Amino acid sequence: MTTPDKTRLAEDVGSLEIFGTPFSTFTRSITMGLEEMGLGGHYIQHPFTPHSAEVKKRNPLGLLPVLIHRPDAIYTSAENAVVLFESNAVRRYLDDFVYPTVSRHGKNQHALTPPLPGHGTTQDGVLLAQAAEARARVDQWVSMASSTLFQNVEFGVVKPRLAMEKNGADDATVYTALEGNIDKMHAVLSKLEDLAKRDPTPFLCGSEITWADLFLYPALADLRATPQGDVIRGSDARFPWIAAWSDRMDARPSAKSTYEGTLASQRKK
Ligand SMILES: N[C@@H](CCC(=O)N[C@@H](CS)C(=O)NCC(=O)O)C(=O)O
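Since this is a predicted model, take the numbers as computed values, not measurements.

1. Brief notes about the overall build of the protein
And step 1. For the protein, the helix and strand inventory stands at ten helices and four strands.
And step 2. Moving toward the C terminus, one meets the helices and strands of the protein in the order α-β-α-β-α-β-β-α-α-α-α-α-α-α.
And step 3. Relative to the globule expectation of 18 Å for 269 residues, the C-alpha radius of gyration of the protein, 20 Å, shows essentially globular dimensions.
And step 4. Viewed in the frame of its principal axes, the protein has a C-alpha envelope of about 65 × 50 × 30 Å.
And step 5. Looking at the protein residue by residue over its 269 residues, the buried ones come to 45%.
And step 6. Within the protein, contacts between residues separated by at least 24 positions form 69% of all contacts whose residues are at least 6 apart in sequence.
And step 7. When the accessible area of the protein is evaluated, it comes to approximately 13,400 Å², of which 55% is carbon and sulfur surface.
And step 8. Between the mean site of the 29 positive side-chain charges and the mean site of the 32 negative ones, the protein shows a separation of 2 Å.

2. Focus: the pattern of salt bridges
And step 1. Evaluated as defined, the whole model comprises 14 salt bridges.
And step 2. The salt bridge involving Arg 8 is made with Glu 11; its shortest N-O contact spans 2.6 Å.
And step 3. Across the pair Asp 250 and Arg 224 runs a salt bridge, and its minimum N-O distance is 2.7 Å. In this pair, Asp 250 is assigned in helix 8 (residues 240-250) and Arg 224 in helix 7 (residues 211-224), connecting sequence segments 26 residues apart.
And step 4. For Arg 224, a relative accessible area of 12% corresponds to the buried category.
And step 5. One salt-bridge network, in which partners are shared between bridges, spans Arg 161, Glu 165, Asp 171 and Arg 267.

3. A short note on the domain arrangement of the protein
And step 1. You can read the domains of the protein as domain 1 (9-104) and domain 2 (125-258).
And step 2. Measuring from the centre of the C-alpha atoms in domain 1 to the corresponding centre in domain 2 gives 24 Å.
And step 3. Contacts between the two partners involve 18 residues from domain 1 and, on the opposite side, 22 residues from domain 2.
And step 4. Carbon and sulfur atoms supply 62% of the area buried between domain 1 and domain 2, which totals about 1,700 Å² over both sides.
And step 5. Looking only at domain 1, the three residues that lose the most surface to domain 2 are Arg 28, Met 32 and Arg 91, adding up to 36% of its buried area.
And step 6. Joining domain 1 to domain 2, the criterion identifies two salt bridges.
And step 7. Sorting the residues of the side of domain 1 that touches domain 2 by element identifies helix 2 (25-36) and helix 4 (87-104) as the ones contributing at least two each.
And step 8. For the side of domain 1 that touches domain 2, the element with the highest residue contribution is helix 2, accounting for ten residues.

4. Details of the nonpolar core
And step 1. Counting residues in each nonpolar core, the largest one holds 62 residues, and the members touching the most others are Leu 94, Leu 189, Trp 211, Leu 220 and Trp 245.
And step 2. Contributions of two or more residues to this core are made by helix 1 (9-13), strand 1 (15-19), helix 2, helix 4, helix 5 (125-166), helix 6 (171-197), helix 7 and helix 8.
And step 3. Ranked by residue count, the leading element in this core is helix 5, at eleven residues.
And step 4. Summarising the domain contributions, this core has at least three residues from each of domain 1 (9-104) and domain 2 (125-258).
And step 5. Phe 19, Val 55, Val 66 and Ile 68 belong to the second largest nonpolar core, which has five residues in total.

5. Re the pairing of strand 1
And step 1. Burial of strand 1 is extensive: four of the five residues sit out of reach of the surface.
And step 2. In this structure, strand 1 lies alongside strand 2 (residues 43-46), joined through four bridges in parallel fashion. Looking at strand 2, one finds that Phe 19 is bridged to His 46.

6. What to know about the UniProt feature "domain: GST C-terminal" (unreviewed entry) in the protein
And step 1. Residues annotated by UniProt as "domain: GST C-terminal" (unreviewed entry) correspond here to residues 131-269.
And step 2. The span residues 131-269 is 71% helical and 0% strand by assignment, and the distance between its end C-alpha atoms comes to 45 Å.

7. What to know about the packing of aromatic side chains
And step 1. Taken as a whole and judged by the stated rule, the model has seven aromatic pairs.
And step 2. Their ring planes at 50° and their centres at 4.7 Å tell us that Phe 26 and Phe 150 sit as a pair that is tilted. One end of the pair, Phe 26, is in helix 2; the other, Phe 150, is in helix 5, and 124 residues separate them in sequence. Accessibility classification places Phe 26 together with Phe 150 in one group, the buried group.
And step 3. Relative to Phe 97, the ring of Tyr 93 has its centre 6.1 Å away and its plane inclined at 5°; by these criteria the two rings are stacked. Of this pair, Tyr 93 and Phe 97 both sit in helix 4, four residues apart, which is roughly one turn of the helix.
And step 4. An aromatic cluster is present here, built from Phe 26, Phe 150 and Phe 155 joined pairwise through their rings.

Conventions used here
Numbering of residues begins from 1 in every chain and follows the order in which that chain's sequence is written. Given that the model is predicted, a residue must reach a pLDDT of at least 70 before its local features are reported, and side-chain atom pairs must reach 80 or more before they are shown or counted; all residues, however, enter totals for whole chains, interfaces and linings. Hydrogens are left out, water is left out, and the side-chain values use all remaining heavy atoms of the structure. Going along the chain from the N terminus, every DSSP run of H or I of four or more residues is numbered as a helix, and every run of E of two or more is numbered as a strand. Here the globule rule is a power law, 2.2 Å times the number of residues to the power 0.38, and the radius of gyration is based on C-alpha atoms. Burial classification: accessible surface area is computed with a 1.4 Å probe over protein chains only, and a residue below 20% of its type maximum counts as buried, one above 50% as exposed, and the rest as partly exposed. Should any heavy atoms of two residues lie within 4.5 Å, those residues are counted as being in contact. Method for areas: the Shrake-Rupley scheme with a 1.4 Å probe, in which residue coverage is limited to the protein chains shown. Charge convention: Lys and Arg are scored as positive, Asp and Glu as negative, and His as well as the terminal groups of each chain are ignored. A charged residue contributes its charge at one atom only: NZ of Lys, CZ of Arg, CG of Asp or CD of Glu. We count a salt bridge whenever a side-chain nitrogen from Lys or Arg sits within 4 Å of a carboxyl oxygen from Asp or Glu. Note: domain ranges come from an automatic or database domain assignment. Put simply, buried area is how much 1.4 Å-probe accessible surface two parts lose in total, over both of them, once they are put together. Within this scheme, the nonpolar core is defined by two criteria: the residues are buried Ala, Val, Leu, Ile, Met, Phe, Trp, Tyr or Cys, and they are joined through side-chain atoms within 4.5 Å. Strands are labelled as partners when DSSP assigns at least two bridges between them. UniProt positions are given in the numbering used here, feature names are shortened, and annotations may be inferred rather than shown by experiment. Any two rings among Phe, Tyr and Trp, with Trp reduced to its six-membered ring, count as a pair given centres within 6.5 Å; such a pair is stacked if its planes are under 30 degrees apart, edge-to-face if over 60, and tilted if neither.

What follows is the structure in structure tokens.
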């Protein structure tokens, strides 16, 4: 046989590879997305670190994650292999290629970005605007998570904390050194908490999980693994909506199957 048997999901999806260590929060957003699409076990994750030669060959910036998709698996010619970096671009590609393929195979997974009504199926301006808004709302969270939240949580608190711990600093020293950053992070979390709880649904953009949740979660899971995460942990958390949502996210199979190798898993050991 010289062509893939497209009646089978694995062959219809082709081969998917993700370059990125599970420690990488942006990588985890993408692998959680694949798991949520029902593709656990259908992709290969290469746990390369940022700026490694393997990554730089595919992303000149050296950042994680990188996606390699061969639509016809081993039958794909080199020029037809898709290599993408920037998690938001990877997300778009998975929505446009992988999700419809998975749906065709009867996996009734919910779309991680709400779809627009089929081309020309409605001329109702309000309906169209609502559908467009639902998609843009997901983008809005993805953008906030990738910029403001990531900066303030990872660069402001988690990474400097890890660096200081490595040098032997105790909790009090870390707190004093990072006090200003911790205050800034609290201000951001307070705004996200207010935004999130305006909508009384269990996830950020409705009653089903979307990319909004998948982009916000990994950095907050890292934060919860540190003492500074107490504001989003437990019954007396300062930000109770985010704490309860984080518990719901922790319980998802996609979070469990991408947990090994994360900051939280390493600190548990
Ligand atoms: N805008 C990029 C950011 C990717 C990113 O910063 N990835 C982190 C790992 S979570 C990384 O590679 N960091 C290495 C560095 O900043 O030098 C994306 O969305 O993919």
